Amino acid sequence: MEDGGTQHLGCCVVDMKELSANPEGLSAAAGTIPAKLQQLEFSIACNDLPASGRDRKPNALVQVAVIDPQRQQLVFHACTEIVEANKDPLFLTGVTLPSEYPDSQHLLVKLTVYDAKHKSQESSSFLGSATFSIGDLLRAKDGRLTLSLRSSDGVCTAGTVAVSHLKMGEMEEADHIATDTSSQKSPLVCEPADQSYIDREDYALTGPVFRNPICKVYRFQTADSKWMLVREQMEECTLSFTIPRQLLSLYIQEDKSRLQDLEDLGELSPHWDNLRKEVVTRYRGIISSYQDTLAEVQKITGSFKPSCCKAQKSLEFIPINLHTQRMRVTCPRKTDALYDIITVGAPAAHFHGFKCGGLQRLLSRYEGEKKSFSTAYQCIYYSPQHTAKAQEVLSTVSLLQPLITSLADQLLQAALEHSSHGLKDALKSLSDKTEQFVHTLKDELVKSALLALHAARPGYVSKSQKQTPVLCHQQGQGGDQNHSPVQGLPGHSPTTPVPESPVVCNNVKGGDSGSLKHQDSIPHHKEYDEEEWDRVWANVAKCLNCVIAKVDKLLEGDNSKQEPAPEQRLADVTTSHNPGDWREQLSPLVSRLKECVLEVVEKAKRAMTFVLLQEAACSIPQGFHLQQRRDVVFSQALAALACGFVMRLYAGLQDKDFLRQLHLVGLVAQFESLLSTYSEEIGMLEDMEVGISDLQKVVFKITEAKTDDLSELQPSVCGRRDHFTVEVPLPQVIFQTLPEEIKEGKPLRVFPVLFNVGINEQQTIAERFGDISLQERINQKNFEILEAYYKTLREKVPLECLPCFQTQADIKELLETLGQNVVTKKRKNVEILWIAGTICRRLNGIRFTSCKSAKDRTSMSVTLEQCALLRDEHQLSKDFFVRALDCMRSRLSQGDIGHWEDPEAGAVTENKPASRHFYPIALLLVSSHLLVVWLILSLVFLLAKYQ
């Protein structure tokens, strides 16, 4: 994780474990995936630096610049941390030079040593500089160069600087490293930690998903005086833009389809037709808005959205500061360890604002008000469950109808080929899908919606009107025949009369029902047969049974003809066994099945579209605004989830236990939020809660890339708002090593959970004077989801398959501790986040960390978590914990001393890497004096208000 600058230091490199299935597969992969590009990394130490005063030792830092030998230009590249009061400083922060530099053997590197008199870098003095070439370092004995530092006049020697070549996978070992500052020396001995590890071939997937890596390398001392190497690598994710682009296209396509469905409803009464026109106008407005947004997004060539653009209309679907963070740790005689985390700004609709709250509050208020809207618009109220069911039915029938048609054609083809085995397989698939189709439509909602649609036709007259046409404008009198046909639908009690406006007479608007004088001129429609729908969908099952019976009869006859003697068999075949007989006998039955399925689909689509029409009519205009807001938040959340899934998949492709867990149960995706429950961040948290919850309707599928071109590895999204599928393509050689269940396209589930603990000064105010019930409810709800996931995982996957850690705390105990912390009333209880993160890693999950913009609070959380992992899992020395934390949080990585540019300055199209994890902790704190003044003024205001 490094400060963002104007340079792009290379394309993405995502480490993948070697293909250990067989040597042939390993060599085949080499032809598909290019070998990993090697990066040059080195550490720096200085000796005998001059003191600027008699009683003062220098606060040393080294600035690293690269000299282009062709252009003779000096390009600032990196900077070490400050080592205070030490004339022999050993710098923990190393330098990484990517392989993209041209002619790297002749590349010159300039090291400039400064004495930073203050940590603020406002005052510093030049001590000396030295220059070396990369070739000199690579040819040096033991990978070490010792250079003399020259002062500004180029004559005097200002001490020495030692440059040591570092390699991940090879470990520096020095059994006798002095920790005294006066004699602290750089460890130089490089010995292989594991020869088999070094000899392995690393492969990389570059470009299509991750790119622009920024690396920092450190060396930290362990508790047993050994040295570990730590590399941080931050990368941008192209899914920040590709996923929202695809979602916008799907939204537009779905809304256009909805418009067509509304037109296919046919002729409606004036009241319902006016509502339809208003809904169509709203949909066209949304489509136009989404088309404009899509056009703007397609113009952008960057790969992430900085926080300064979070409220920009054209970028509202793009997640804020979506980046991947990978920490790789190499310790003596141990296998390398990888720790991944995705950082992203909280999914929220910043452009729409939070004046009235976020999605969770707005949706609750909207559902409460929708009943009154339904009365005002003279609609039938449908609950959210009925609306969701209608969307599910539409989605299912749209998917199954072409599938049933295709399977029916396969059945006829097998009959034409006279293939008994093919006939059985095709019949089994056709039966399964048809039964699923019938089961989906066997729902009272479809039946009641058809009845309501019939009542909405122009000229519809109820039975009571036919008997007493003069009284059609009055309330029904006596008997059940006076009740409207739509009674019994959702929102209407069977014993409660329905308002007369929409159903008394549908050829006029509600207010004109009392002026019906020419009743005989109204075309009377035939009475609706309530049993018609049952007969229609039951016909599908009957047709299927006929097809099954005919196939069984054909197969039975075929088996009986194989029993006679061979001389009779030939005669039978020539006389009565024409290959076309089977198809001719099946074709009428299959055609009838297709016709019945099509009839059912048309009726069901019209019925469910009418339900959604009433839902849309009741929600004008608030419901459409909420849908747009929900689309925005979901787009940001899905882009982050897809990024995390791909990163986790790449890291576990050769882990059989992980792949088994993936297809049997799925993965948990743990979102760690640091938002406060105060002011606007309450609305952000409410948006984020709904967005993360909506991820439950997403599944993943792993597919085989069509070609060996790496550009084919870009994930794609398909589906509609109630169900999305993200397809992740892999190269053929890797795809073939996956379990059969995954290769067959089994949907892979993800279980998103969200835990929030506010940590800033605003959360202090909220806990003292505000309300934190939102945070408590979110944590409790998601703890139950996490607990249920663990129970399912324990039933289907042996716990021995889960990854092992040094701290062998039982997952069940961790869950119990988490449950206790969730219900405990404790201010800023960050233990919830620590324990939830630990459980996620133990469960092979995907880790996300978010705050408002994924900068300050996120950087503090990620760096602290990384140092805690080094301490708990890799025995980081206690004396080096604070230094390690300071190194990771340092912003001194690029640019001239005292002139550090804003990491997020400039437009998105400049494609600058984000610098989000090097902010000093002081940015998270507020002056105690200002806080006291604010509290006093708040108390005065409250007292004045209540008096």
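Overview of the structure. Worth saying up front: this structure is predicted, and the values here are computed from it rather than measured. (Residues numbered from 1 in each chain as written. Predicted model: local features only at pLDDT ≥ 70, side-chain atom pairs only at ≥ 80, totals over all residues. Heavy atoms only, no water.)

1. Considering the sheet that holds strand β20 (residues 723-730)
Quick reminder of the rule: For two strands to pair, DSSP has to find at least two bridges joining them. Each helix is a run of H or I in the DSSP string that is no shorter than four residues. Each strand is a run of E no shorter than two, and both are numbered from the N terminus. Fitting a line to C-alpha atoms yields each axis, with helices limited to the stretch in contact; the angle taken between N-to-C directions then spans 0 to 180 degrees. Note on contacts: a residue pair is in contact if any heavy atoms of the two residues lie within 4.5 Å.
Taken together, the ten strands give an open sheet; going across it, the order is β13-β14-β15-β16-β22-β17-β21-β18-β20-β19, and neighbouring strands pair in mixed fashion. Each of the sheet's edge strands pairs with one partner strand only, and the pair in question is β13 (210-221) and β19 (716-720). Here the strands of the sheet are splayed against their neighbours by 25 degrees on average, with no regard to which way each runs. Together, β17 (667-673), β21 (748-756) and β22 (846-850) form the strand contacts of helix α23 (residues 831-842), whose direction differs from that of β17 by roughly 160 degrees.

2. Focus on the packing of helix α8 (residues 420-441) against helix α14 (residues 581-618)
Short version of the rule: Throughout this description, any angle smaller than 35 degrees is read as roughly parallel, any larger than 145 degrees as roughly antiparallel, any in the 65 to 115 degree range as roughly perpendicular, and the remainder as oblique. Here is the rule for handedness: rotate from the far helix to the near one, and if that takes an anticlockwise turn smaller than a right angle the crossing is left-handed, while a clockwise turn gives right-handed. Ten residues, namely Ala, Val, Leu, Ile, Met, Phe, Trp, Tyr, Cys and Pro, are considered nonpolar, four, namely Asp, Glu, Lys and Arg, are considered charged, and the remaining ones, Gly among them, are considered polar.
The N-to-C vectors of α8 and α14 enclose an angle of 20 degrees; their axes lie 12 Å apart at closest approach. On the basis of their axis angle, the class for α8 and α14 is roughly parallel. Considering how the two elements wind past one another, α8 and α14 form a crossing that is left-handed. Contact residues: α8 offers Ser 420, Leu 423, Leu 430, Phe 437 and Leu 441, while α14 offers Trp 582, Leu 586, Leu 593, Val 597, Val 600, Val 601 and Ala 604. Of the residues assigned to the contact of α8 with α14, the class counts are eleven nonpolar, one polar and no charged.

3. Concerning helix α4 (residues 239-263)
Stated formally: In this scheme, a helix's expected span is set at 1.5 Å multiplied by one less than its residue total. Note on exposure labels: buried denotes an accessible area under 20% of the residue type's maximum, exposed denotes more than 50%, and partly exposed covers the range between, all computed with a 1.4 Å probe on protein chains only.
Compared with an ideal rise of 1.5 Å per residue, which puts 25 residues at 36 Å, α4 spans 36 Å between its outermost C-alpha atoms and is within 8% of the ideal. Burial analysis of α4 places 19 of its 25 residues in the buried class, the great majority of the element.

4. Some words on the pattern of salt bridges
Rules: In what follows, salt bridge is the name for a side-chain nitrogen of Lys or Arg lying within 4 Å of a carboxyl oxygen of Asp or Glu.
This model, assessed by the stated rule, comprises 30 salt bridges. Ionic pairing is found between Lys 743 and Glu 740, a salt bridge with its closest N-O pair at 3.0 Å. Residue Lys 743 and its partner Glu 740 are both found in helix α19 (residues 740-743); the two are separated by three residues, about one turn of the helix. Given a relative accessible area of 21%, Lys 743 falls into the partly exposed group. Accessibility expressed as a relative area gives 45% for Glu 740, which makes it partly exposed. What emerges from the salt-bridge pattern is a single network uniting Glu 254, Asp 255, Arg 258, Asp 631 and Arg 721.

5. A few points about the nonpolar core
Rules: Note on terminology: a nonpolar core comprises buried Ala, Val, Leu, Ile, Met, Phe, Trp, Tyr and Cys residues joined through side-chain atoms within 4.5 Å.
Core analysis: the largest hydrophobic core is formed by 142 residues, its most contacted members being Leu 411, Phe 437, Leu 586, Met 608, Phe 645, Leu 662 and Phe 700. Counting residues in hydrophobic clusters, the runner-up holds 30 residues, among them Leu 40, Val 66, Phe 91 and Val 109.

6. Structural notes on a negative patch on the surface
The condition is simple: Nonpolar side chains (Val, Leu, Ile, Met, Phe, Trp, Tyr) within 5 Å and like charges within 9 Å form the patches, drawn only from residues with over 30% relative accessible area and no salt bridge. Calculation of accessible area relied on Shrake-Rupley with a 1.4 Å probe; when residues are assessed, cover is drawn exclusively from the protein chains displayed. Counting rule applied: Lys, Arg positive; Asp, Glu negative; His and chain ends not counted. A single reference atom marks each charge: NZ on Lys, CZ on Arg, CG on Asp, CD on Glu.
Negative charge collects at one region of the surface, where Glu 263, Asp 264, Glu 599 and Glu 602 lie side by side. Examined against the element boundaries, Glu 602 turns out to sit in helix α14. For Glu 602, a relative accessible area of 40% puts it in the partly exposed group.

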